Amino acid sequence: KRPDIEQPLLHGHRGDEGTKVAAQFPEDVSHTEFDYCFHFEMPGLAEIKRDKLHHLDMGDASPNTKRLGRKNTMQIEQCAEKETSSFAKRLAERSAKRKFEEESHGTQIKDLLLGFVHEEIDRQAMNMSDGMDNLTDVQTLVIDILLNFFRRADEGYETFLFQSQDEDELFLCVRFTENAALQHAEESKYLVQIDPSALDQLGIKLTSGPRNPAFLPFVPFLRRGKLLRLYLPESSDGGEEVEKTNYLRKVDRIRLLYDRVTDIIDCNAMRRWLLLKDFYPLHGYDALFWLRKNWARMKWFYQFNQPIDRVHTYFGSEITLYFVFLGMLCKYTMGLIVATMGVTGFVFVHTGSVHDTIYNFLLGSRYHYARMAQAVITVLWFQLFVSRLRQKINWYMNQWGDDCADTSDVKKLENERFSAPAKPSEVDESVLSYEATISQRRRGALLSSLGTFAFIVFTICCVSCIFSVGAALDKSGRSWGFSVAGYAVSVQIKVLKYVWDYLSLKLVDLELHQYASNFNSSRALKTFLFSAINAFSAFFYVGFAMQWTEGCPSDYPDGCWGYLCHEMVIIFATYGIFTLYDILVPYGMLRYRIHKENVERKKTEGPGAPTEFTMSFLEAQAKMDEYGGAEQIEDYCQIVMPLAFVLMFGITLPFCSVLSLLCFGLQLRADAFKLTRATKRPFPSRCTTEQRGGALGVWMVVLQMLTYMATVTNCALIVFNLEPFKDWDLTNQLVLFYTSVLVAVVLQIAIHNLIPEVSADVALARRRHERQRHVIATLAHKCKGQVGQIAGSGVADIREQLKTAMQPVELKGSHHIELYTVPKLEQTGKFSKYFILPE
């Protein structure tokens, strides 16, 4: 299960020991222990002599870069200046292409490298040599900068540098040691959880209800009093007795390491200039293999119960909530199928014919009263689902500690596309800030909204043109005109989607979002609005406008309604195909990249090359696709769009609830398969309940929008397309339409109020968490104020020492106070003016 890692290395280093290791993977370091990888693509590496990078093997600082010190601790030195011809020209071309504000055609290599270091003191402490005349030399210096940072005496990292098997890539793997991570957690007030067994030690008695302990910022007292929760190593599969020794999980170390490194070094800028190909969290082999075996296999297709806690421990709350949403949707869709079967049974009892029930109701356009009942069931079903989903998400957020106020200084994942020059902060002008000003963000948001609106109008025009051509063909005697138009609309939906994927990046870039979460939220909302117009405009046109303009297709016996049924079948078939595409393409591309590299190695090594090369687990991750905000938006759209078709046009094809369950179940396993086999490990981002839409963010806003869109659409289809209402005059139709919408909205509000967002258990758990935080804060304050040097082996010892250190006030009942000796307050004193009674 674990491929051996025996390729030669350029460098191996254990930061805590400060010694060089052998030129093979050290036996005492598991290849699953590392947290982050910095990936360098160096095409000329194979032609470089070994001594060119010999300084990387030395324990001291290299001749190219002096040791980086902490802020305000290094002496200011003058940096050497030298402009080289070939590489400077290359930098100028890249600068002109990217149009950076700070770089120009005369950019010096020195200025470029100094821009990668955030702090002024650190920049002035760097002393670079003049021998940099090609890209490889500059990349070598960048690697040296990173290594010197990770080797600081006051930093606690384990590093491991090795080259790829074809000798054109370098990989720097980094692990945050436990003690160093805890120190950074203390400095940044990182949230940690109390151990469940510590509640009894704190004197807190809980016999029923929620018992999950509270989360609170890390302080040394928690560790000294043995109050912190211990975790199993990520390499443990949970099937054997393994001692819990870690105060922080690997996802915690990944967040803390990212926060620490990006405080000092601008890795995104290095990547934009192609000096660093990528930097990403590393998979843990044992935990990943467990997820592959117990979660991501297709044999679990019809089982929608998921190991949510294991998924959260590995991927973080942002991705886990997506699977919570998808799993609940699959379960509730089964309920919708049962309700549809009930309506179908009623139709069968009424008709007595199986053929008539299937082809005229499930796949046809008759039995309008049954379709009205189906519409009511669908609208109320979805409102029930949204309310329960919101409640379930709040329960998980409470379990994970993401519903409490995050006072941590650990930064969120930065937007890699954001670039702004350093300027005095608007809050404190003595501090340089890389944020955009409020006026810049407002101007960018306006331009982005106008661009989105223009592209949506263009999409509507495309749909109108396609149906106009189809209508012209139908009137000219070609009955297949509307059929061709239907397929053309399906192709147009996918083509414009690919155009939008590129255009949306440019539009959202104008808004200058510094953090990836804000960037992805803005792009997700715009993507949904475009996708809704792109997909639904044809259906709205056929359902409400075609009969009054070009007329309904003559090739369909049921007219526009039959044409809608035909289009629904095409839509669900298309989404099913693209779900399979979502599985096969990422995994196929991974296998292709590995195969291509093996073929190139065989050509290089000649006839004596082995028939098959073994690639290490660490190197293979570099060949995987990235799973970021764009990929997650695509996955959400793959679920939300078929769901929207079921909600708004499901009464035209009641059988679509079964098709949607197949799409949702297949998408769940496809995404699990993709995340565990074909993509790099995503950054474990945390969700908060403070953002718009709650923990699910903008997608909860989208789901709430769908509830009202479904209400309006179903009421309009019933009133304007089904008998007997379609034969009424327009005034009566409008009255019935507004009345039905009002009744449906009232019922939705009633369901929303009957199912509160925060359940009684979650509300009680939050109150208990506040009590636990108060007890710990009180105890920590007493230890700090009375016995600062206390060092007990647990809370019980600390309490015992506090009792002896804090002597109570002595009370004597035999003592008498002589009250007549108490002095009077002088009438002319400084206090008397406050007590003068009014006349």
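Our subject is the structure listed above.
Reading the values: rules and limits
- Residues numbered from 1 in each chain as written.
- Predicted model: local features only at pLDDT ≥ 70, side-chain atom pairs only at ≥ 80, totals over all residues.
- Heavy atoms only, no water.
- Helix = DSSP H or I, 4+ residues; strand = E, 2+ residues; numbered from the N terminus.
- Buried < 20%, exposed > 50% of the residue type's maximum accessible area, 1.4 Å probe, protein only.
- Contact = heavy atoms within 4.5 Å.
- Areas by Shrake-Rupley, 256 points an atom, 1.4 Å probe, with all protein chains shown as cover.
- Axes fitted to C-alpha atoms, helices over the stretch in contact; angles between N-to-C directions.
- Parallel < 35°, antiparallel > 145°, perpendicular 65-115°, else oblique.
- Left-handed = near helix turned anticlockwise from the far one by under 90°.
- Nonpolar A, V, L, I, M, F, W, Y, C, P; charged D, E, K, R; others polar.
- Salt bridge = Lys/Arg side-chain N within 4 Å of Asp/Glu carboxyl O.
- 1 Å grid on protein atoms, 1.4 Å probe; cavity = no way out; pocket = protein on both sides within 12 Å on 5 of 7 lines; lining within 4 Å.
- Points joined across faces, edges and corners; volume = space filled by probe spheres on them.
- Disulfide = S-S within 2.5 Å.
- Patch = residues over 30% accessible without salt bridge, like charges linked within 9 Å, V, L, I, M, F, W, Y side chains within 5 Å.
- Phe/Tyr/Trp six-rings, centres within 6.5 Å; stacked < 30°, edge-to-face > 60°.
- Lys NZ or Arg CZ within 6 Å of the ring centre and 35° of its normal.
- Expected span 1.5 Å × (residues − 1).
- Pairing = 2+ DSSP bridges.
- Core = buried A, V, L, I, M, F, W, Y, C linked by side-chain atoms within 4.5 Å.

**Comments concerning the overall build of the protein**
- Of regular secondary structure, the protein possesses 25 helices and 10 strands.
- The burial tally for the protein puts 52% of its 839 residues in the buried class.
- In the protein, the share of contacts with a sequence separation of at least 24, taken over all contacts with a separation of at least 6, comes to 76%.
- Entry remark: accessible area of the protein is about 40,400 Å², with carbon and sulfur atoms responsible for 57%.

**Some points on the packing of helix 12 (residues 317-351) against helix 14 (residues 368-400)**
- Two elements in contact, helix 12 and helix 14, have axes whose closest approach is 9 Å; the angle formed by their N-to-C orientations is 155°. The angle between helix 12 and helix 14 falls in the class roughly antiparallel. With respect to the hand of their crossing, helix 12 and helix 14 are arranged in right-handed fashion.
- Grouping the amino acids of the contact of helix 12 with helix 14 by side-chain chemistry returns 20 nonpolar, 6 polar and 2 charged.

**Notes on unusual backbone geometry**
- Here Lys189, not a glycine, exhibits a phi torsion of approximately 55°, which is positive.
- Tracing the chain through its elements places Lys189 in the loop between helix 5 (178-188) and strand 6 (191-193).
- Owing to a relative accessible area of 37%, Lys189 belongs among the partly exposed residues under this scheme.
- Phi is positive for Leu512, close to 55°, though the residue is something other than glycine.
- Summarising the element assignment, Leu512 is placed in the loop between helix 16 (481-509) and helix 17 (516-545).
- The class for Leu512 is partly exposed, based on a relative accessible area of 25%.

**Comments concerning the pattern of salt bridges**
- Tallied over the entire structure, the rule returns 21 salt bridges.
- For Lys277, the salt bridge identified is with Glu41, shortest N-O distance 3.6 Å. You can see Lys277 sitting in the loop between helix 9 (267-272) and strand 8 (278-281) and its partner Glu41 sitting in strand 3 (residues 36-41), a full 236 residues away along the chain.
- Relative accessible area serves as the criterion here: at 39%, Lys277 is assigned to the partly exposed category.
- For Arg417, the salt bridge goes to Asp509, with nearest N and O atoms at 2.4 Å. Taken as a pair, Arg417 in the loop between helix 14 and strand 9 (423-424) and Asp509 in helix 16 lie far apart in primary sequence, 92 residues in all.
- Relative accessible area serves as the criterion here: at 33%, Arg417 is assigned to the partly exposed category.
- Salt bridges sharing partners connect three or more residues here, namely Arg271, Asp278, Glu416 and Lys680.

**Section: empty space enclosed by the protein**
- Evaluated as defined, the whole model comprises 4 cavities of 30 Å³ or more.
- Space inside the second largest cavity adds up to approximately 50 Å³.
- Lining of the second largest cavity is provided by Ser490, Ile493, Lys494, Ile571, Thr574 and Tyr575.

**Brief notes about the state of the cysteines**
- Taken as a whole and judged by the stated rule, the model has 0 disulfides.
- Among the cysteines around Cys37, which has no disulfide bond, Cys173 carries the closest sulfur, lying 4.3 Å off.

**Regarding the packing of helix 12 against helix 13 (residues 354-362)**
- Orientation of helix 12 relative to helix 13, taken along the N-to-C sense of each, is 130°, at an axis distance of 9 Å. Considered as vectors, helix 12 and helix 13 are oriented oblique to each other. Every pair of crossing elements has a handedness; the one defined by helix 12 and helix 13 is right-handed. Of helix 13, the residues touching helix 12 (which contributes Thr340, Val343, Thr344, Val347, Phe348 and Thr351) are Val354, Asp356, Thr357, Phe361 and Leu362.
- Of the residues in the contact of helix 12 with helix 13, the class split is 6 nonpolar, 4 polar and 1 charged.

**A few points about a nonpolar patch on the surface**
- On the surface, Phe348, Val349, Val354, Ile358, Tyr359, Leu363 and Phe655 cluster together into a nonpolar patch covering about 640 Å² of accessible area.
- Of all elements in the fold, only helix 12 and helix 13 reach the threshold of two or more residues within the nonpolar patch.
- Residue contributions to the nonpolar patch peak at 3 residues, all from helix 13.
- Its place among the elements puts Val354 in helix 13.

**Here's the deal with the environment of Phe617**
- Among the secondary structure elements, Phe617 is positioned in helix 19 (residues 617-620).
- Separated by 332 residues in sequence, Phe617 and Tyr285 place their C-alpha atoms 8.0 Å apart.

**Points about the packing of aromatic side chains**
- Inspection of the entire model under this criterion finds 41 aromatic pairs.
- Between Tyr322 and Phe323, the ring centres sit 5.2 Å apart and the planes meet at 75°, which makes this aromatic pair edge-to-face. Neither residue differs from the other here; Tyr322 and Phe323 are each classed as buried.
- Residue placement shows Arg310 over the ring face of Trp290; its charged tip is 3.9 Å from the ring centre.
- When the ring centre of Tyr314 is taken as origin, the NZ or CZ atom of Arg681, which lies over that ring, is 3.8 Å away.

**Things to note about helix 22 (residues 698-721)**
- Look at helix 22: 33 Å from first C-alpha to last across 24 residues, which is about the 34 Å you get at 1.5 Å a residue.
- Of all 24 residues making up helix 22, 18 are buried, and the element is well covered by its neighbours.

**Digging into the environment of Leu659**
- By the secondary structure assignment, Leu659 is in helix 21 (residues 656-677).
- Those residues in contact with Leu659, other than ones at most four positions away along the chain, are Phe572 and Leu653.

**Comments concerning helix 10 (residues 285-294)**
- Of the positions making up helix 10, those classed as buried are Tyr285, Asp286, Ala287, Leu288, Leu291 and Arg292.
- Those residues of helix 10 that are buried are in contact with helix 11 (308-315), helix 19 and helix 21.

**Looking at the pairing of strand 4 (residues 157-163)**
- Burial within strand 4 is extensive, with 7 of its 7 residues counted as buried.
- Residues Tyr157, Thr159, Leu161 and Gln163 point to one face of strand 4 and Glu158, Phe160 and Phe162 to the other, with burial holding for every one of them.
- Inspection of the sheet shows strand 4 paired to strand 5 (residues 169-176) by 7 bridges, in the antiparallel sense. From the neighbouring strand, Glu158 faces strand 5, where its bridge partner is Arg175.
- In this antiparallel pair of consecutive strands, strand 4 and strand 5, the connection spans 5 residues, and Glu167 shows a positive phi of 60°.

**Comments concerning the side chain of Thr679**
- Turning to its location among the elements, Thr679 is positioned in the loop between helix 21 and helix 22.
- Residue classification places Thr679 among the buried residues on the basis of a relative accessible area of 3%.
- Those residues within four positions of Thr679 in sequence are excluded, and the remaining contacts are His283, Met624, Asp625, Tyr627 and Lys674.

**A look at the nonpolar core**
- The biggest cluster of nonpolar side chains holds 97 residues, and the ones touching the most others in it are Phe467, Phe645 and Trp699.
- Among the elements that line this core, the one with the most residues is helix 20 (residues 629-649), at 13 residues.
- Setting aside residues up to four positions removed in sequence, Trp699 forms contacts with Ala524, Phe528, Ile633, Tyr636, Cys637 and Val640.
- Residues Ala198, Phe218, Leu276 and Phe279 belong to the second largest nonpolar core, which totals 60 residues.

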